[in-house]
Every structure is written in C-alpha cells, then in structure tokens.
Amino acid sequence: MDEKRTLLTHFLAALAYRTQKALRGAPPDFASFRAAPRVRTPHELIHHMDSVIGYSRTFFIGGSYHPPGLHDFGDAVAHFHETLADVARHIEIGTEFRNVTAEIILQGPFSDAMTHAGQLVILRRLAGSPVPPENFVFAAVSSGNLGPDQPLPARPDEDWPEKP
C-alpha cells in the first residue's frame, strides 16, 4: 500500500476509535437524545456517518449507497463499522479511485464523518454524561481494528473539570 492509502486506512481506524470513545459508557437512552429541535440524535448521526462513509465507497466501486434504516442503535453502530471495514478493504487491496484523489476522499466524506464523531462527544456532554478526555497521541489506534471493540484510552486525563 502506498503512503496515501496507509494514511487513509489509519484515518478510518481513528474514526472507529473516536466513535467508540464517544459511545462507550453512554446511558441507555443516549441513542434517542435530542439536544434541540432539528438537531440529529446520536442514532441519526450514526446513520448519517454510515451514509457518508458508504458514499465514499462509491468512489471505488461506483453505484450509490443508502444505509439500511436500522431501528436498533447497536445494530446501526455495528453496520457503520462494517461499512468502515469495507471501505478500508478497498483502499488496502488497491481498488482504483474513480474521478477523485486520496486528498478529496480525506477532505470530503472522511472528514465529514470525523466531524460527526465529535458531535457525538458534544451530545454526550449535553446529555449529562461527558466523555472522559485523553491524549490521543498515545491512543492505541490500529488500522487492523475498524470494529466496535476498541481499546480503552492509553493515557486518560486524570483531572477534567466536566467530570460528573
């Protein structure tokens, strides 16, 4: 794999890690938490993230992508991770980009999905269940792990003012 493809797969692994960090330990009703009218719930965000990453896959294989409307939040999260893994597989096996570059994939759908992972963290705080901070430089992010079973923080912050 060339350097750009290696970076793209690592970015997807970081997205998997940060998404699970945002969801780990969330209260049972977090999936349906709505911060305000017309603001996506965590369940809706995961569905949209699946859509965005699935859209990126069309730049490898063509066609279109519409994620299934899964009613169970756990199933929706699992499907999102399956989509991540499938896109990473296309990157790793060298499937050619269709009318885009690695940079465009990164600046478009991949960055969009990472923004939404950050929104999940914000929603956790607004829901009264803030996510503990950590130093992500030391996070155990692995391109071989795009699933929902992500490692715990390697260097969690000991002190954080938002701690409940």
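Quick look at the structure, then. (Residues numbered from 1 in each chain as written. Predicted model: local features only at pLDDT ≥ 70, side-chain atom pairs only at ≥ 80, totals over all residues. Heavy atoms only, no water.)

Some details on the overall build of the chain
- Assigned secondary structure in the chain consists of four helices and zero strands.
- Shown N-terminal to C-terminal, the secondary structure of the chain runs as helices and strands in the order α-α-α-α.
- In summary, the chain has a C-alpha radius of gyration of 16 Å against a globular reference of 15 Å for 164 residues, a match within 12%.
- Over its C-alpha atoms, taken along the principal directions, the chain stretches across nearly 50 × 35 × 25 Å.
- Buried residues in the chain amount to 42% of all 164 residues.
- Partitioning the contacts of the chain with sequence separation of at least 6, the portion at a separation of at least 24 is 79%.
- For the chain, the accessible surface area stands at approximately 8800 Å², while carbon and sulfur atoms represent 55% of it. (Helix = DSSP H or I, 4+ residues; strand = E, 2+ residues; numbered from the N terminus. Rg over C-alpha atoms; globule rule 2.2 N^0.38 Å. Buried < 20%, exposed > 50% of the residue type's maximum accessible area, 1.4 Å probe, protein only. Contact = heavy atoms within 4.5 Å. Areas by Shrake-Rupley, 256 points an atom, 1.4 Å probe, with all protein chains shown as cover.)

As for the side chain of Asp86
- As for its position among the elements, Asp86 is in helix α3 (residues 73-92).
- You can call Asp86 buried: its relative accessible area is 18%.
- A polar contact of 2.5 Å, which involves the side chain of Asp86, links it to the side chain of Arg57. (Polar contact = N/O pair within 3.5 Å; in protein donor to acceptor, adjacent residues only side chain to side chain.)

Description of the nonpolar core
- Of all hydrophobic cores here, the largest spans 36 residues; its most connected members are Leu12, Leu15, Ile46, Ile53 and Phe110.
- For this core, the secondary-structure elements that each account for two or more residues are α1 (3-23), α2 (42-61), α3 and α4 (102-126).
- Broken down by element, this core gets its largest block of residues, nine residues, from α1.
- Beyond its immediate chain neighbours, meaning those up to four positions away, Leu15 contacts Met49, Ile53, Phe80, Leu84, Ala113, Met114 and Ala117. (Core = buried A, V, L, I, M, F, W, Y, C linked by side-chain atoms within 4.5 Å.)

Looking at α3
- Over its 20 residues, α3 extends 29 Å from the first C-alpha to the last, a length consistent with the 28 Å expected when each residue adds 1.5 Å.
- For α3, the N-terminal cap is Asp72; the gap from its side-chain oxygen to the backbone nitrogen of Gly74 is 3.1 Å. (Expected span 1.5 Å × (residues − 1).)

A few points about the packing of α1 against α2
- It is at 13 Å that the axes of α1 and α2 come closest, and there the two elements cross at 170°. Judged by the angle between their axes, α1 and α2 are roughly antiparallel. Every residue of α2 that contacts α1 at Arg5, Leu12, Leu15, Thr19 and Leu23 is listed here: Ile46, Met49, Ile53 and Phe60. (Axes fitted to C-alpha atoms, helices over the stretch in contact; angles between N-to-C directions. Parallel < 35°, antiparallel > 145°, perpendicular 65-115°, else oblique.)

Some details on the pattern of salt bridges
- Taken as a whole and judged by the stated rule, the model has five salt bridges.
- The partner of Glu103 in a salt bridge is Lys4, with the nearest N and O atoms 2.6 Å apart. Of the two residues, Glu103 is situated in helix α4 and Lys4 in helix α1; the sequence distance between them amounts to 99 residues.
- When the shortest N-O distance is used, the salt bridge between Lys21 and Glu134 registers 3.1 Å. Within this pair, whereas Lys21 is found in helix α1, its partner Glu134 is found in the segment after α4, the two being separated by 113 residues in sequence. For the pair formed by Lys21 and Glu134, the shared burial category is buried. (Salt bridge = Lys/Arg side-chain N within 4 Å of Asp/Glu carboxyl O.)

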